[in-house]
Amino acid sequence: MSRHPDQPVRLWLAAGLLAYLVLPWYAIQDTAWYTVLGQVLGGPETASGLVQILSHHRVWLLLGVLGLVVAAIGLAVPPGKAQGRWFLAGGVLGFGGLLASGFMIGAKGWSFEILNRGFGELALNQFGIGIGAFVALLALVMIAAFGVARLGFFKGDLFVASAVVGCSVLLLLFIAFPVVKALHGAFLNEQGQWSLLALQERIGNERVWGLNCLAGGLRCGVAWNTLFLALCTATGTTVLGTMMALMAERSASARVQTPLRVVALLPIITPPFVVGLGLILLFGRAGVVNQFLEYAFGVPPTRWFYGVLGIWIAQMFAFTPIAFMIMRGVVQGVAPSLEEAAQTLRADRRRTFFTITLPLLKPGLANAFLVGFIESMADFGNPIVVGGQYSVLSTDIFFAIVGAQYDQGRAASLAWILTLFALGVFALQRGLLGKQNYTTVSGKGDAGIPMALPDSVRRVLNAVVYPWLAFTVVVYLFAFAGGFVQTWGRDYTLTLNHFKTAFALEWGQFGLVWAGTAWNSLFTTVKLAGLSAPVTAATGLLIAWLLARTEFHGRGLFEFVALLAFAIPGTVLGVSYILAFNVPPVELTGTGLIIMLCFMFRNLPVGVRAGTAAFRQLDKSLDEASLMLRASTAQTLFNVVLPLLKPALVAALVYSFVRAMTTVSAVIFLVTAENELATTYIIGRVGNGDYGVALAYCTVLIVLMSLAIALIQFLVGERKLGRRKTGASAVAVPAI
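Residues numbered from 1 in each chain as written. Predicted model: local features only at pLDDT ≥ 70, side-chain atom pairs only at ≥ 80, totals over all residues. Heavy atoms only, no water.

Description of the overall build of the protein chain
Which entries qualify depends on this criterion: Think of it this way: any DSSP run of H or I at least four residues long counts as a helix, any run of E at least two long counts as a strand, and we number them from the N terminus. For the radius of gyration, the atoms used are the C-alpha atoms, and the globule rule reads 2.2 Å times the number of residues raised to 0.38. What makes two residues a contact is simply this: any of their non-hydrogen atoms within 4.5 Å.
From N to C terminus, the protein chain includes 31 helices and eight strands. Here the C-alpha radius of gyration of the protein chain, 28 Å, is about what a compact globule of 736 residues would show, namely 27 Å. In terms of its C-alpha atoms, the protein chain occupies a principal-axis envelope of roughly 85 × 65 × 65 Å. Within the protein chain, contacts between residues separated by at least 24 positions form 73% of all contacts whose residues are at least 6 apart in sequence.

Here it is in structure tokens:
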């Protein structure tokens, strides 16, 4: 029995009405919404929306009710454009009215002085939205989206319309709004007045745009420093990540593949300053390399490692795993039949690789380069640890915010440069890929064996990848040895006291006691990262699907806003969240939810880019065949498309989880005593000189995240493409 076409609208109307009747409308700080469900008929803080209107005279909330009523009238109209107008009018009236009133009326009455002058003081006020307001607003957004679909947009597909409109609202509210709120400070002068000259004065100087690159060493302006470093890092991580992916999927034997993947992903599950510390122990002034050079050749120790070289090596460690995860799925998706066809036409393996295999990797290469470029620009941890005198925009922005000057205008002006750089590379990537077709996974069976790599390519991979992996292991051995010795540099006695300090367990009068000082931060971090990672991955892949499979006005802007959080340094994003969500209508400062949202939208672009690269390899005929068999768009997405996106799903889940566990800059201003995170605990220990406990905590985090990655890969599983694996018994197809 087929479902009634208006059933989704009815469900969302019911949800909106129930939100007004039985859910607390406003959020109460430090109080969970479900603990006050029995008080929705009570005071102005806990009452439901309907009680707020009738008993507490907050009449502006009637706008949401009117919107639901208008939409309900549309149910009496047959499905079509006329009904769509009712749905759209109701959704826009309710959502727009509630949102406008939320911004105009705050905790002390009118939020803007111009309203006070025009209408006089307002005796009533309102708090930040709670669960009731959230559900009502969500229902109104979905109803408006259904109205858009009924008007003929998105081919009348309710699921696609709701996905586009819903994701657009999320991106505008949690990325565009806070970023614009922070960046607009670049156009305010010292008196707080709007002025274009203020931006020019802050960034139009020698420190930002100087070009004295050859005078006394690398002394370019901070903007050119950042651009040069980002290009070097993006190129290096893309090339190295692609090499690792090719070796993992096409070259290494089965017994080598698992260790290769584990070591390749090791840097991504590590707090950023750990890599820097390990590199300093190796190459710093008192590091092993300098000590050896002095002992063997009489070369006095110097600070040669600090600067652009040190930052580049540290960023190569940090961001190569992202490129590897993106490229591994793309390499898996290359159809062996295409390579076999080339070899049948007398092309040898080398020519096939460079004319067939490598060009089919272009979407992944472009996405890996874009992510590496943006990550490098926004990176704060590595430049602050090993940057020396080499200044980049992210560190200048940080010191502008936390320094004694607290120049938010300068920080916003420098962030504009980062945003424009990201926009330029994003436009360049779209121009290079254009509308070319890279489909390699279709509905046809393909049981071919992936072509073995040419001998010359394999030798190059072995010569580059294995030394890099060995270098990775050495860096981590040095970095984490500090967690097992008494005092690094003075007393190398083996000890477990640092682990006991952080993670001691005791048996008390009332049972097991988590006596270690690090337990609270670990539990909070795992909880928030575990909750945010699935939502981040799902949203990222949904946005990637919309970008790859749907055409709509504003699609380019939609994609750029999804990437905007990546282009903004973490410190700026954290400050922007404080500025945007410290007052009604969205009042989140001091809660765990604001940290979760920061995790989610900060890490969202990796899921988008990984999904976009994967979707470019999937033939649209797969979707079309499913739809022709009367499957809905949602069924097609979950039952046909999603199983073919397992590599991208693993990449998004792994990255979202581990970056939430190890991020520093984006949340440094958002944590509180109740919501302390692992990284802030570690930074506190480092600040106190307690490196042993800090490194012991990092060791525990790496073990924990390794187990989490293994669990994610086990639960998601491998993508089944019906292809045979290369093995000892497999023989490469010879050239004819």
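Focus: helix 6 (residues 131-150)
The following threshold applies: Each residue after the first adds 1.5 Å to the expected span of a helix. Relative accessibility under 20% of the residue-type maximum defines a buried residue, over 50% an exposed one, and the middle range a partly exposed one, all with a 1.4 Å probe and only protein chains included.
Under the 1.5 Å per step criterion, the end-to-end length of helix 6 is 29 Å for 20 residues, consistent within 8% with the ideal 28 Å. Along helix 6, 17 of the 20 residues are buried, which leaves the element largely enclosed by surrounding structure. Within two residues after helix 6, Gly-152 carries a phi angle of roughly 105°, on the positive side.

Details of the nonpolar core
In plain terms, the rule: Throughout, nonpolar core names a set of buried Ala, Val, Leu, Ile, Met, Phe, Trp, Tyr and Cys residues whose side chains join them through atoms within 4.5 Å.
Counting 208 residues, the largest nonpolar core has Leu-279, Phe-373, Ile-543, Tyr-577 and Tyr-697 as the members making the most contacts within it. The residues touching Phe-373, leaving out its near neighbours within four places in the chain, are Leu-227, Ala-230, Leu-231, Ala-234, Phe-421, Ala-422 and Val-425.

Quick word on empty space enclosed by the protein
This is how the line gets drawn: Think of a 1 Å grid over just the protein atoms. A cavity is a set of points where a 1.4 Å probe fits yet cannot get out, a pocket is an open set with protein on both sides within 12 Å along at least five of seven lines, and lining residues have an atom within 4 Å of a point. Grid points are joined across faces, edges and corners, and a volume is the space filled by probe spheres set on the points.
Inspection of every chain in the model, using the stated rule, returns five cavities of 30 Å³ or more. A volume near 50 Å³ is recorded for the largest cavity. Lining the largest cavity, in full, are Ala-182, Ile-401, Gln-408, Ala-411, Ala-412, Val-572 and Val-575. Within the residue set of the lining of the largest cavity, elements represented by two or more residues are helix 20 (408-433) and helix 25 (570-580).

Regarding the pairing of strand 7 (residues 505-508)
Convention followed: Note on pairing: two strands pair once DSSP finds at least 2 bridges between them.
Sheet topology note: the strand 7/strand 8 (residues 511-514) ladder contains four bridges and is antiparallel. From the neighbouring strand, Leu-505 faces strand 8, where its bridge partner is Trp-514. A loop of two residues connects strand 7 with strand 8, the two strands running antiparallel in sequence.

Let's talk about the pattern of salt bridges
This is how it is decided: One speaks of a salt bridge when a side-chain nitrogen belonging to Lys or Arg is within 4 Å of a carboxyl oxygen belonging to Asp or Glu.
Evaluation of the coordinates by the stated rule reveals nine salt bridges. A salt bridge links Asp-6 to Arg-150, with the shortest nitrogen-to-oxygen separation between them at 2.9 Å. Of this pair, Asp-6 sits in the segment before helix 1 (7-22) while Arg-150 is found in helix 6, placing the two residues 144 residues apart along the sequence. A residue is classified by how much of its surface remains accessible, and Asp-6, at 2% relative accessible area, is buried. Accessibility expressed as a relative area gives 14% for Arg-150, which makes it buried. Arg-207 serves as the salt-bridge partner of Asp-396, at 2.9 Å between the closest nitrogen and oxygen. Highlighted residues: Asp-396 in helix 19 (residues 393-402) and Arg-207 in helix 9 (residues 206-209), separated in sequence by 189 residues. In this structure Arg-207 comes out as partly exposed when scored by relative accessible area, which is 44%. Linked through salt bridges whose partners overlap, the residues forming this network are Arg-207, Asp-396 and Arg-410.

Regarding the environment of Ser-162
The condition that has to hold: Within 3.5 Å is the distance limit for a polar contact, defined as a pair of N or O atoms, with the added protein rule that one can donate a hydrogen and the other accept it, and that residues adjacent in sequence qualify only through two side-chain atoms.
Mapped onto the fold, Ser-162 is located in helix 7 (residues 158-183). Taking the C-alpha atoms as reference, Ser-162 lies 15 Å from Leu-541; in sequence the two are 379 residues apart. When neighbours within four sequence positions are excluded, Ser-162 is seen to be in contact with Met-142, Ala-145 and Phe-146. Polar side-chain contacts of Ser-162 include one of 2.9 Å to the backbone oxygen of Phe-159.

Let's talk about the packing of helix 7 against helix 25
Where we set the bar: Here the axes come from fitting lines to C-alpha atoms, over the contacting stretch only for helices, and the angles between their N-to-C directions go from 0 to 180 degrees. Working rule for angles: under 35 degrees goes down as roughly parallel, over 145 as roughly antiparallel, 65 to 115 as roughly perpendicular, anything else as oblique. In the scheme used here, Gly and all other residues not listed as nonpolar or charged are polar, with Ala, Val, Leu, Ile, Met, Phe, Trp, Tyr, Cys and Pro taken as nonpolar and Asp, Glu, Lys and Arg as charged.
At a closest axis distance of 8 Å, the pairing of helix 7 and helix 25 adopts a crossing angle of 90°. Relative to helix 25, helix 7 is oriented roughly perpendicular. Contact residues: Phe-174, Phe-177, Pro-178, Val-179, Lys-181 and Ala-182 in helix 7; Leu-573, Ser-576, Tyr-577, Leu-579 and Ala-580 in helix 25. For the contact of helix 7 with helix 25, the residue count by class is nine nonpolar, one polar and one charged.

A closer look at the environment of Thr-355
Turning to its location among the elements, Thr-355 is positioned in helix 16 (residues 349-360). Using a relative accessible area of 44% as the deciding quantity, one classes Thr-355 as partly exposed. At 2.5 Å, the side chain of Thr-355 forms a polar contact with the backbone oxygen of Arg-351.

A closer look at the packing of helix 14 (residues 308-333) against helix 29 (residues 646-662)
We count it as follows: Note on convention: near helix rotated counterclockwise from far helix by under a right angle means a left-handed crossing. Clockwise means right-handed.
Across the interface, helix 14 lies against helix 29 with an axial gap of 9 Å and an inter-helix angle of 165°. One finds that helix 14 runs roughly antiparallel with respect to helix 29. With respect to the hand of their crossing, helix 14 and helix 29 are arranged in right-handed fashion. On the side of helix 14, the interface is formed by Phe-319, Ile-322, Met-325, Gly-329 and Gln-332, while helix 29 contributes Pro-647, Ala-651, Val-654, Tyr-655 and Arg-659. Here the residues of the contact of helix 14 with helix 29 are counted per class, giving seven nonpolar, two polar and one charged.

A look at the packing of aromatic side chains
Cut-off, in case you're wondering: A pair of Phe, Tyr and Trp rings is counted when the ring centres sit within 6.5 Å of each other, with Trp represented by its six-membered ring. The angle between the planes then sorts it: under 30 degrees is stacked, over 60 is edge-to-face, the rest tilted.
A full pass over the atoms with the stated rule returns 32 aromatic pairs. Seen in terms of ring centroids, Phe-283 and Trp-304 are 5.9 Å apart; in terms of plane orientation they differ by 70°. Their pairing is edge-to-face. A residue pair is termed long-range when its members are at least 10 positions apart, and Phe-283 in helix 12 (residues 272-283) and Trp-304 in the loop between helix 13 (288-297) and helix 14 qualify at 21 residues. The buried category is assigned to Phe-283, whose relative accessible area is 15%. On the basis of an interplanar angle of 80° and a centroid distance of 5.2 Å, the ring pair of Phe-503 and Trp-519 is categorised as edge-to-face. With Phe-503 in helix 22 (residues 497-503) and Trp-519 in helix 23 (residues 519-549), this residue pair connects regions lying 16 residues apart in the sequence. In terms of burial, Phe-503 and Trp-519 fall into one category: buried.

A short note on unusual backbone geometry
Each neighbour pair has its own omega, and for Pro-584 with Pro-585 the value is 15°, a cis peptide bond. By the secondary structure assignment, Pro-585 is in the loop between helix 25 and helix 26 (592-615). Of note in this structure, Phe-154 is not a glycine but carries a positive phi near 55°. Tracing the backbone through its elements, the reader meets Phe-154 in the loop between helix 6 and helix 7. Exposure remark for Phe-154: the relative accessible area of 18% places this residue in the buried category. Residues other than glycine seldom take positive phi values, yet Lys-155 does so here, at roughly 60°. Mapped onto the elements, Lys-155 comes out in the loop between helix 6 and helix 7. A relative accessible area of 84% places Lys-155 in the exposed class.

With respect to a nonpolar patch on the surface
Keep this limit in mind: Only residues whose relative accessible area exceeds 30% and that take part in no salt bridge are eligible for patches, with like-charged residues grouped when within 9 Å of each other and nonpolar side chains (Val, Leu, Ile, Met, Phe, Trp, Tyr) grouped when within 5 Å. Areas reported here follow the Shrake-Rupley algorithm with a probe of radius 1.4 Å; residue values treat only the protein chains shown as occluding.
Residues Leu-18, Leu-21, Val-22, Leu-50 and Leu-54 make up a contiguous nonpolar surface patch of about 450 Å² in total accessible area. Counting residues per element, the ones that place at least two in the nonpolar patch are helix 1 and helix 2 (49-54). In terms of residue count, the dominant contributor to the nonpolar patch is helix 1 (three residues). Inspection of the secondary structure assignment puts Val-22 in helix 1.

A look at the environment of Glu-506
Looking at where Glu-506 falls in the secondary structure, it is placed in strand 7. Glu-506 sits in the partly exposed class, given a relative accessible area of 48%. On a C-alpha basis, the gap between Glu-506 and Gly-516 in space is 8.9 Å, while along the polypeptide they are ten residues apart. Not counting chain neighbours up to four residues away, the residues in contact with Glu-506 comprise Gly-511, Leu-512, Val-513 and Ala-515.

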